[in-house]
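Descriptive structure summary
Below are the chains, spelled out letter by letter.
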Amino acid sequence: ITRESSFERKVDLTAQTVSLDGSASGTNRNQKSYTMNILETLVFKRACVISTGIYMPVSGKKKFTSDRREMIMNYGNGECDSQVNVQIGNYTRAISVK
């Protein structure tokens, strides 16, 4: 398993948010190469972590590519809903994270 990454993290104490941009790449436990690119800044809200107990973005998009397959994860518009829309090709599915 290998991993290289380059991220920029910004903390806004007034809004109580953390923003994340960047990318990562490497090899998984099955020896498959992958890349992950943040397409739209991922935003994490402190209030959402407190209310849901789940640390996940409330907005932004990232794309995983592995073995010529792509998956885009869209975290929405800023609501504390623990929802992510996962798109693979032309198929999109809403997933509720618990």
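Residues numbered from 1 in each chain as written. Predicted model: local features only at pLDDT ≥ 70, side-chain atom pairs only at ≥ 80, totals over all residues. Heavy atoms only, no water.

Digging into empty space enclosed by the protein
Selection criterion: Buriedness for pockets is judged along seven lines, at least five of which must meet protein on both sides within 12 Å for an open set on the 1 Å grid over protein atoms alone, while cavities are sets there where a 1.4 Å probe fits but cannot get out, and lining residues have an atom within 4 Å of a point. Grid points are joined across faces, edges and corners, and a volume is the space filled by probe spheres set on the points. The residue classification treats Ala, Val, Leu, Ile, Met, Phe, Trp, Tyr, Cys and Pro as nonpolar and Asp, Glu, Lys and Arg as charged. All others, Gly included, are polar.
Under the counting rule described, the total for this entry stands at one cavity of 30 Å³ or more. Roughly 60 Å³ of volume is contained in the largest cavity. Lining the largest cavity are Cys48, Thr52, Ile54, Met56, Pro57, Val58, Glu79, Cys80, Asp81 and Ser82. Split by residue class, the lining of the largest cavity holds six nonpolar, two polar and two charged.

A look at the sheet that holds strand E6 (residues 83–88)
Each strand in a sheet pairs with another by means of backbone hydrogen bonds, the pair being arranged parallel or else antiparallel. Definition in use: When DSSP finds at least two bridges between two strands, those strands are taken to pair. Numbering goes from the N terminus for both helices and strands, where a helix is a DSSP run of H or I of at least four residues and a strand is a run of E of at least two. Between the N-to-C directions of two axes lies an angle of 0 to 180 degrees, each axis being a line fitted to C-alpha atoms and, for a helix, fitted only over the stretch in contact.
On the basis of which strands lie adjacent, the open sheet formed by seven strands has the order E1-E2-E3-E4-E5-E6-E7 and antiparallel pairing. Each having just a single partner strand, strand E1 (2–12) and strand E7 (91–96) make up the two edges of the open sheet. On average, each strand axis in the sheet is inclined to that of its neighbour by 15°, with strand direction left out of account.

Digging into the pattern of salt bridges
As a reminder of what qualifies: Salt bridge, as used here: a side-chain nitrogen of Lys or Arg that lies within 4 Å of a carboxyl oxygen of Asp or Glu. Partly exposed describes any residue whose relative accessible area lies between the buried limit of under 20% and the exposed limit of over 50%, with all areas from a 1.4 Å probe on protein chains only and scaled to the type maximum.
By the definition in use, this model includes four salt bridges. The salt bridge partner of Lys10 is Glu8, with a shortest N-O separation of 3.6 Å. A residue is classified by how much of its surface remains accessible, and Lys10, at 48% relative accessible area, is partly exposed. Residue classification places Glu8 among the partly exposed residues on the basis of a relative accessible area of 45%. With a shortest N-O distance of 3.5 Å, Lys32 and Asp67 are connected by a salt bridge. Pair noted here: Lys32 is in the loop between strand E2 (17–27) and strand E3 (33–45) and Asp67 is in the loop between strand E4 (59–66) and strand E5 (69–77), with a separation of 35 residues, a long-range link.

Some thoughts on the packing of aromatic side chains
How two aromatic rings sit relative to each other is set out by the distance from centre to centre and by the angle between their planes. The condition that has to hold: Ring geometry is summarised as follows: Phe, Tyr and Trp rings, the Trp one being its six-membered ring, pair when their centres sit within 6.5 Å, and such pairs are stacked at plane angles under 30 degrees, edge-to-face over 60 and tilted between the two.
Evaluation of the coordinates by the stated rule reveals one aromatic pair. Look at Phe44 and Tyr55: their rings are 4.7 Å apart centre to centre, the planes differ by 10°, and that puts the pair in the stacked class. Within this pair, whereas Phe44 is found in strand E3, its partner Tyr55 is found in the loop between helix H1 (46–52) and E4, the two being separated by eleven residues in sequence. For Tyr55, a relative accessible area of 52% gives the class exposed.

A short note on the pairing of E2
As paired elements, E1 and E2 share eleven bridges and run antiparallel to each other. In the strand pairing of E2, Arg9 is matched with Leu20. Turn length for the E1-E2 hairpin, with the two strands adjacent in sequence and antiparallel, is four residues, and the turn residue Gln16 shows positive phi of about 55°. The sheet contact formed by E2 and E3 spans nine bridges and is antiparallel. When the sheet's bridge partners are listed, Ala24 is paired in E3 with Met36. Taken together, E2 and the strand that follows it, E3, pair antiparallel across an intervening segment of five residues, in which Gln31 is found at a positive phi of about 65°.

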